[in-house]
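Structural features, examined
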Amino acid sequence: MKGKLGVLVCLSIWFAMYGCCIGNFVLKRKSLTVTSPDNLRETYESAIGSFGVPEFEGTLVGTVIYPEANQKACKSFDNMISFKSKSARDLPVFLLADRGDCYLSLKAWNAQNAGAAAILVAEDSFEPLTFMASPQEVGPDGHADYLKNITVPSALISRSLGNSIKKALSNGDTVTINLDWKEALPHPDERVKYELWTTSSDECGPNCESQIKFMIMFKGMAQILEWKGYTKFTPHYMTWNCPEAFVLSTRCKSQCINHGRYCAPDPDQDFYKGYEGKDVIVQNLLQACVYKVANESGRPWLWWDYVAEFRICCRMRDNKYTKDCANKIMQSHGMDVKRIDQCIGDPTADMDNPILEAELAAQAPVVTSRACQLW
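Structural notes, computed from the coordinates. In this convention, every chain numbers its residues from 1, walking through the sequence in written order. The model is predicted, so local features are restricted to residues of pLDDT at least 70 and side-chain atom pairs to those at 80 or more, both for listing and for counting; the totals for chains, interfaces and linings are taken over all residues. The side-chain figures draw on all heavy atoms in the structure; neither hydrogens nor water molecules are used.

Concerning the side chain of Q283
Condition: Strands are runs of DSSP state E lasting at least 2 residues, helices are runs of H or I lasting at least 4, and numbering of each runs from the N terminus. The rule is simple: take the accessible area with a 1.4 Å probe, protein chains only, and divide by the maximum for that residue type; under 20% is buried, over 50% is exposed, in between is partly exposed. The criterion used for residue contact is that any of the two residues' heavy atoms lie within 4.5 Å.
Checked against the element boundaries, Q283 lands in helix α6 (residues 277-296). Residue classification places Q283 among the buried residues on the basis of a relative accessible area of 4%. With sequence-adjacent residues up to four places away left out, Q283 is seen in contact with S200, Y306, F310, Y321, T322, K323 and A326.

If you want it as structure tokens, here you go:
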């Protein structure tokens with residue numbers, strides 16, 4: 001594999017194997033076109049999955065089948081059922097499945113094993129298509145074995161479109177769809193852009209351990225891709241705020257900074273001992289500022305050096321989850337600690353922080369309300 005497609009496939013495999021807090025779906029407008037029947041002929045938006053191998057910079061045309069049984073595709077299809085095209089002249093088959101009861105990637109795996117060329121998953125609500133999803137599928141070795149073997153593309157579609165396709169099929173119509181990934185790459189520089197949602201906390205159980213493993217193992221690859229101009233990554237940190245009625249409560253004071261504007265969960269859920277949520281949100285802010293300053297200096301890859309070493313050297317369990325420990329790492333890599341401190345600002349001030357405000361805005365499609373979800 002060469003060029004942009006190779007980079008995308010490489011990232012997809014890594015994220016499927018080790019990724020956590022990573023957006024697995026990207027909403028693509030005008031990425032799916034129904035070409036028949038005539039009453040459905042229109043272009044629709046969909047969300048493409050990070051698992052599988054979409055035909056980036058290309059298109060794929062197929063006919064849709066909605067199975068009579070196993071309509072959520074959570075089980076393997078009977079050996080007697082095959083969605084493979086009957087001849088070379090026939091269009092590939094797209095399996096339409098309903099969302100629910102199992103992971104989207106498992107649906108894709110079952111569709112692939114039954115011979116489908118792609119899978120369309122219809123939402124089970126009338127809510128807007130989600131921008132992110134985390135399968136969180138974990139096997140004995142930390143990930144589901146089949147994830148890295150999925151090769152068929154997937155697309156999450158709206159419930160209304162799914163219902164329209166089902167109605168057309170029940171009427172005996174042939175539903176033909178064109179999946180288009182030509183605009184799936186960023187423009188104008190054509191670098192692969194991806195976002196990493198993470199946290200500085202290392203006391204959230206298996207999820208945190210998976211993050212630490214990912215950071216350390218992926219760091220070298222991420223830096224090379226960035227150095228060579230193949231990718232542009234942006235780290236993000238989930239952030240909540242405290243309802244105004246609770247700003248003066250012990251819980252809010254323990255988990256929030258800037259008078260309840262920005263909060264993170266308490267690592268051990270004990271508000272009277274150990275590290276607090278406000279320690280986590282401050283470290284998250286520090287890491288976001290490390291990226292900002294490194295990016296402005298033309299060296300965004302330094303963020304990977306910092307976070308990987310912080311996760312090894314500044315663990316909560318060793319009582320080193322501190323600004324002093326962070327400063328030593330920043331200084332060892334020649335980072336401008338003064339600029340980073342200016343970026344952090346005063347966490348005790350009753351005022352907005354531009355960096356964390358940007359994080360709240362970035363996660364808006366994921367969290368529909370800014371009300372703190374810690375209460």
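Next, the rest of the story.
Side note on the nonpolar core
The test is simple: Throughout, nonpolar core names a set of buried Ala, Val, Leu, Ile, Met, Phe, Trp, Tyr and Cys residues whose side chains join them through atoms within 4.5 Å.
V290, W303, W304, Y306, M330 and I340 are the most contacted members of the largest nonpolar core, which totals 43 residues. Only β8 (192-198), α4 (206-227), β9 (231-237), α6, α7 (302-313), α8 (323-332), α9 (337-344) and α10 (354-362) provide two or more residues apiece to this core. In terms of residues, this core owes the most to one element, α6, which gives ten residues. M330 has contacts with L286, V290, Y306, K323, M335, V337 and I340, leaving out every residue within four places of it along the chain. Judged by nonpolar contacts, the second largest core, of 21 residues, contains A122, L161, I165 and I177.

Quick look at the packing of α8 against α9
Helix-helix packing: each pair is described by the crossing angle between the helix axes and the interaxial distance. So the rule is basically this: Here an angle of 0 to 180 degrees is reported between the N-to-C directions of two axes, which are lines fitted to C-alpha atoms, with helices fitted over the stretch in contact. For this classification, under 35 degrees means roughly parallel, over 145 means roughly antiparallel, 65 to 115 means roughly perpendicular, and everything else is oblique. Gly counts as polar in this scheme, as do all residues outside two lists: the nonpolar Ala, Val, Leu, Ile, Met, Phe, Trp, Tyr, Cys and Pro, and the charged Asp, Glu, Lys and Arg.
It is the contact of α8 with α9, at a shortest axis distance of 10 Å, that shows an interaxial angle of 135°. Relative to α9, α8 is oriented oblique. Within the contact between the two elements, α8 uses K323, N327, M330 and Q331 and α9 uses V337, I340, D341 and I344. Its residues assigned to classes, the contact of α8 with α9 comprises four nonpolar, two polar and two charged.

Digging into helix α2 (residues 104-113)
The element α2 is largely enclosed, with a buried count of seven among its ten residues. For α2, every residue scored as buried is listed here: L104, S105, K107, A108, N110, A111 and Q112. A positive phi of about 100° marks G115, the residue just after α2.

Structural notes on the state of the cysteines
Note the threshold: In this description, a disulfide is simply a cysteine sulfur pair whose atoms lie within 2.5 Å.
For the structure shown, the criterion picks out four disulfides. Between the sulfur atoms of C256 and its disulfide partner C263 the distance amounts to 2.1 Å. Taking the sign of the torsion about the S-S bond as the criterion, the disulfide between C256 and C263, at about 100°, is right-handed. The same class applies to C256 as to C263, namely buried. Covalent S-S linkage joins C314 and C325, the inter-sulfur distance amounting to 1.9 Å. Taking the torsion about the S-S bond as the criterion, the C314 to C325 disulfide, at about -85°, is left-handed. Of this pair, C314 sits in the loop between α7 and α8 while C325 sits in helix α8, and the two are eleven residues apart along the sequence.

Points about the packing of aromatic side chains
Our working rule: Pairing of aromatic side chains here covers Phe, Tyr and the six-membered ring of Trp, requires ring centres within 6.5 Å, and sorts the geometry by plane angle: under 30 degrees stacked, over 60 edge-to-face, intermediate tilted.
Applying the stated criterion to the full structure yields 13 aromatic pairs. Here W303 and W304 contribute two aromatic rings whose centre-to-centre distance is 5.1 Å and whose plane-to-plane angle is 85°, an arrangement assigned as edge-to-face. Pair check on accessibility: W303 and W304 agree, each one buried. Three or more aromatic residues joined by ring pairs make a cluster, and in this case those are Y194, F214, F218, F233, Y291, W303 and W304.

Considering the pairing of β8
Where we set the bar: Two strands pair under a simple rule: DSSP has to find at least two bridges between them. A crossover gets the label right-handed when its path from the first strand over the helix to the second runs clockwise, viewed with the strands pointing away from the viewer.
β8 sits mainly inside the fold: five of its seven residues count as buried. Bridge count between β8 and β9: seven bridges; the pairing is parallel. Within β9, the residue paired with Y194 across the bridge is F233. Taking the sense of rotation as the criterion, the β-α-β connection linking β8, α4 and β9 turns out right-handed.

Things to note about the pattern of salt bridges
The test is simple: Note on definitions: salt bridges are taken to be side-chain nitrogens of Lys or Arg within 4 Å of carboxyl oxygens of Asp or Glu.
Overall, the coordinates contain 15 salt bridges when judged by the stated rule. Between R317 and E203 there is a salt bridge whose closest N-O contact spans 3.9 Å. Of this pair, R317 sits in the loop between α7 and α8 while E203 is found in the loop between β8 and α4, placing the two residues 114 residues apart along the sequence. A salt bridge links D352 to R261, with the nearest nitrogen and oxygen atoms 2.8 Å apart. Taken together, the residues span a long stretch of sequence, with D352 in the loop between α9 and α10 and R261 in the loop between β10 (256-257) and β11 (262-263) at a distance of 91 residues. For R261, a relative accessible area of 23% gives the class partly exposed. What you see here is one network of salt bridges that share partners, running through D202, E203, E209, R315 and R317.

Focus on the environment of L302
Along the chain, the position of L302 falls in helix α7. Measuring from C-alpha to C-alpha, the distance between L302 and H333 comes to 7.7 Å, with 31 residues separating the pair along the chain. Residues in contact with L302, not counting those within four places in the same chain, are A294, H333 and M335.

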